[in-house]
Amino acid sequence: MKEPVVLSEWPMGYGRQVLTEVDSTMAEAARQAKGLAGPTWICALRQTAARGRRGRAWVNPEGNFAATLVLPTSDASEKRALRSFVAALALFDALVAVSGRVDGLTLKWPNDVLLTGGKVAGILLESIGAHLAIGIGVNLIAAPASSEVEERAVAPVSVLSALGVEVGPEVFLDILAEAYARHEAQFATYGFAPIREAWLTRAARLGEVVTARMGDREVTGSFETVDAEGRIVLNTASGRQAIAAADIFF
Ligand SMILES: O=C(O)CCCC[C@@H]1SC[C@@H]2NC(=O)N[C@@H]21
């Protein structure tokens, strides 16, 4: 088993909390948001009611990473949603830093990070008034069994099982926070364009046929790009379609 040797500096202006146990760091973010002085990472070593996207439960064994970044923002909802790309790039960099390798890591639209084709991390965005809560879960040491996730979903993997690297949540938090602050500064200064470019170079299944599911409707087409609004663009039998929100199946 390899231990990562990564030196990272906690980013200036960001708060840092590590809680032993909480229901969900998203719920904790909602409780604390108004009283926070600035952007703050709330990390939990244990969550008893972790949630994923679309109301799904998030399986969160101890040793995995669970945190929510509470970000004060006056951005409109369309711009807030683009933070999932910022967070995905930060996760990508943090995973490269701990593993020392880039091969096998890809980003799945809109909110997932894949490692050797399996889901290693997920991102959940929730607005809390004048704050955005960016929830991040990473399977550091354990991944749920395929039977525990939705049918057709990408199988979960862990950093430990895929790479043989053991990293603790607090070490990962410091690496991720530094990476996030870098990409957030880039987003604030230059907007979405460079984030989009960087995201696309890491995209899973670009140019390949994928299926987007929106409720009970499905659209299948070739994954052409992500547009300037962060929508996935599919070339389908009936033309080009830009989709703002969907689950993607390979
Ligand atoms: O469905 C997904 O892929 C998103 C998963 C997000 C899970 C994280 S763990 C930290 C934060 N707290 C939660 O309850 N959920 C998010």
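Residues numbered from 1 in each chain as written. Predicted model: local features only at pLDDT ≥ 70, side-chain atom pairs only at ≥ 80, totals over all residues. Heavy atoms only, no water.

By the naming in an unreviewed UniProt entry, the protein is biotin--[biotin carboxyl-carrier protein] ligase, taken from Marivita geojedonensis. As recorded by UniProt, the Catalytic activity (unreviewed entry) comment attached to the protein reads in full: "biotin + L-lysyl-[protein] + ATP = N(6)-biotinyl-L-lysyl-[protein] + AMP + diphosphate + H(+)". (UniProt positions renumbered as here; feature names shortened; annotations may be inferred.)

Here we come to the sheet that holds strand E9 (residues 217-226). One open sheet holds the five strands; their spatial order is E11-E10-E9-E8-E12, and the pairing between them is antiparallel. The open sheet has two free edges, formed respectively by strand E11 (239-243) and strand E12 (247-249), since each of these has just one partner strand. Across this sheet, the average inter-strand angle for adjacent strands is 45°, counted without regard to direction. (Pairing = 2+ DSSP bridges. Helix = DSSP H or I, 4+ residues; strand = E, 2+ residues; numbered from the N terminus. Axes fitted to C-alpha atoms, helices over the stretch in contact; angles between N-to-C directions.)

As a further point, take the pattern of salt bridges. Enumeration according to the criterion identifies 24 salt bridges in this entry. Arg53 is the partner of Asp247 in a salt bridge, and the nearest nitrogen-oxygen pair spans 3.7 Å. Taken together, the positions of Asp247 in strand E12 and Arg53 in the loop between strand E2 (40-44) and strand E3 (65-72) put the pair 194 residues apart, joining distant regions of the chain. Take Arg53: its relative accessible area is 18%, and that puts it in the buried class. One network of salt bridges, in which partners are shared, links Arg53, Arg54, Arg56 and Asp247. (Salt bridge = Lys/Arg side-chain N within 4 Å of Asp/Glu carboxyl O. Buried < 20%, exposed > 50% of the residue type's maximum accessible area, 1.4 Å probe, protein only.)

This next bit is on the pairing of E2. Most of E2 sits inside the fold, with five of its five residues counted as buried. Of the strand pairs in this sheet, strand E1 (residues 15-19) and E2 are connected by five bridges, and their pairing is parallel. The partner of Arg16 across the bridge, within E2, is Trp41. Chirality of the crossover, the property in question, places the unit of E1, helix H1 (residues 25-32) and E2 among those that are right-handed. As paired strands, E2 and E3 are joined by four bridges and run antiparallel to one another. Bridge pairing in E3 places Ile42 opposite Thr68. (Right-handed = clockwise from strand over helix to strand, strands pointing away.)

It is worth spelling out the sheet that holds strand E6 (residues 118-128) at this point. Pairing within the open sheet is mixed, and its seven strands lie in the order E1-E2-E3-E7-E6-E5-E4. Each edge of the open sheet is held by one strand with a lone partner, namely E1 and strand E4 (105-108). The sheet shows a mean angle of 20° between the axes of neighbouring strands, taken without regard to direction. Of the strand pairs in this sheet, E3 and strand E7 (residues 131-138) are connected by eight bridges, and their pairing is antiparallel. When the bridges of E7 are listed, Leu69 appears paired with Ile134. Sitting on the sheet, helix H5 (residues 169-190) is in contact with E1, E2, E3 and E7, with an inclination near 35° to E3. (Contact = heavy atoms within 4.5 Å.)

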